[in-house]
Amino acid sequence: MSFSDSSQFQVDEVGVMRHKRTGNSWADKVMDGVDIDLTMYWENCGYAYIEEEAGEEIIGERKISEEIKETSKVWEKGRGEGRFKRDKKIPQKKTKKYPTKPKPTHSWHKRLSKMAIELDMGSIASHTEEKAVQEIGDFYDDYHEEKRILEEEKKENYWEGWAQKVKENPGNYGFVSVKCLTSPDGFSVHDIDAAGVKRDNMFDIYNEGREGRYIIKDWDNLPSVWTEDVWQGPRGTFVDPEFSFRRYNFFTYWDEKNQMYIWKSMYKHSWQCGGWREHFDYYPNIQVMEDIFCLDKQYLPWIAIGTLSKWINGIEWHTVWSRMDEMRTGIINGREMKWVGGDGWENRSREANYYPMTQIPLMRFS
């Protein structure tokens, strides 16, 4: 039925609109759940019911201009009422302030975990972590081993350089050792000072006669700890029961500025705790010192007489430095020198760390 066909209705004497043919009141009519009076009222007001077409409906379609507009950070005019302006940059990153569900693991990992459990291997995650830790450990082991090898090669090349330097400059550097007879209570039998010099006049059997000749040959075999029985060396040297020998080592070198030889005790605390760094980049152990700085290797004719590097119960520095100067200059018994040997009282041996001329014993050449 069309709502525009209003000629079929008329108003009676009471004022109710009724159908001309049936006489029914207009109020008795309802169409699609809506009162006909309301429908006719809306139709008289200009509203109409139109069947919608299928498809999307766009509400509030935007009109876009094809003009190019320039933007600027400076406000030409305020927005809104001109009182509000946002200077703070709005963060673009989205953060969730609530707990989220963890991402699921891969299906292959689940299958491997189930297989591992079935095979009584435990969790596959633990095996993966264990393997990763092992691989990292193997990597660092290889890294440190390569680093150690490189450092050993560097150290070996360094000492080879020193050996070449000593070979080209004999008499400039030397290594001297002395072994002192020690009593059962741990004290030296003779008065031996800081430079290894014997300061008493006590008779020394190991520097006299037959024993003096044999002990140098047995020097490397002398006991460093006491024994309950008499010690006898391969060449006939005897050491009384409970007596032994304690070894002291010294490094000596030529000081060009002061025209003298300097000695350094390798037994002292100052050398052990870093004093060696004034001369070497690596700590010089006894084997290195003997191989490179041994005076017997630098002064071959002295071997027929005795030894310059090995001494018993006292070092004769006058002899050592005289032979070293002969090696260094090639002049034998032709150099003038000043010798200060010291004594057993006020002028005992002492190192000169800052003032070389205060060293005792001292041999200065001119």
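See the structure above.
Residues numbered from 1 in each chain as written. Predicted model: local features only at pLDDT ≥ 70, side-chain atom pairs only at ≥ 80, totals over all residues. Heavy atoms only, no water.

Considering the pairing of strand 9 (residues 260-265)
- Of all six residues in strand 9, six are buried, a share of seventy percent or more.
- Here strand 8 (residues 244-255) runs beside strand 9; their pairing, made up of six bridges, is antiparallel. Each residue of the ladder has a partner; that of Y253, found in strand 9, is I262.
- In textbook terms, the turn of a hairpin is the stretch between consecutive antiparallel strands, and for strand 8 and strand 9 this stretch comprises four residues, one of which, Q259, has a positive phi near 55°. (Buried < 20%, exposed > 50% of the residue type's maximum accessible area, 1.4 Å probe, protein only. Helix = DSSP H or I, 4+ residues; strand = E, 2+ residues; numbered from the N terminus. Pairing = 2+ DSSP bridges.)

Brief notes about the nonpolar core
- By size, the foremost hydrophobic cluster in this structure holds 23 residues, and its most contacted members are I315, W317, V320 and W321.
- Those elements giving two or more residues to this core turn out to be strand 5 (173-182), strand 8, strand 9, helix 8 (317-329) and strand 12 (362-365).
- In terms of residue count, helix 8 provides more of this core than any other element does, five residues in total.
- Listed in part, the 20 residues of the second largest apolar core include W162, F175, F251 and M289. (Core = buried A, V, L, I, M, F, W, Y, C linked by side-chain atoms within 4.5 Å.)

Concerning unusual backbone geometry
- Residue P361 is reached from I360 by a cis peptide bond, and omega for that bond is -5°.
- With phi around 70°, E242 is a residue other than glycine that occupies positive phi space.
- Checked against the element boundaries, E242 lands in the loop between strand 7 (238-239) and strand 8.
- The class for E242 is partly exposed, based on a relative accessible area of 35%.
- Even without glycine at this site, Q259 takes up a positive phi of about 55°.

Here's the deal with the environment of M363
- Along the chain, M363 turns up in strand 12.
- A residue is classified by how much of its surface remains accessible, and M363, at 0% relative accessible area, is buried.
- Sequence separation between M363 and M337 is 26 residues, and the spatial gap between their C-alpha atoms is 6.5 Å.
- Other than its neighbours up to four places away in sequence, M363 contacts Q259, M260, Y261, H318, W321, S322, M337, K338 and W339. (Contact = heavy atoms within 4.5 Å.)

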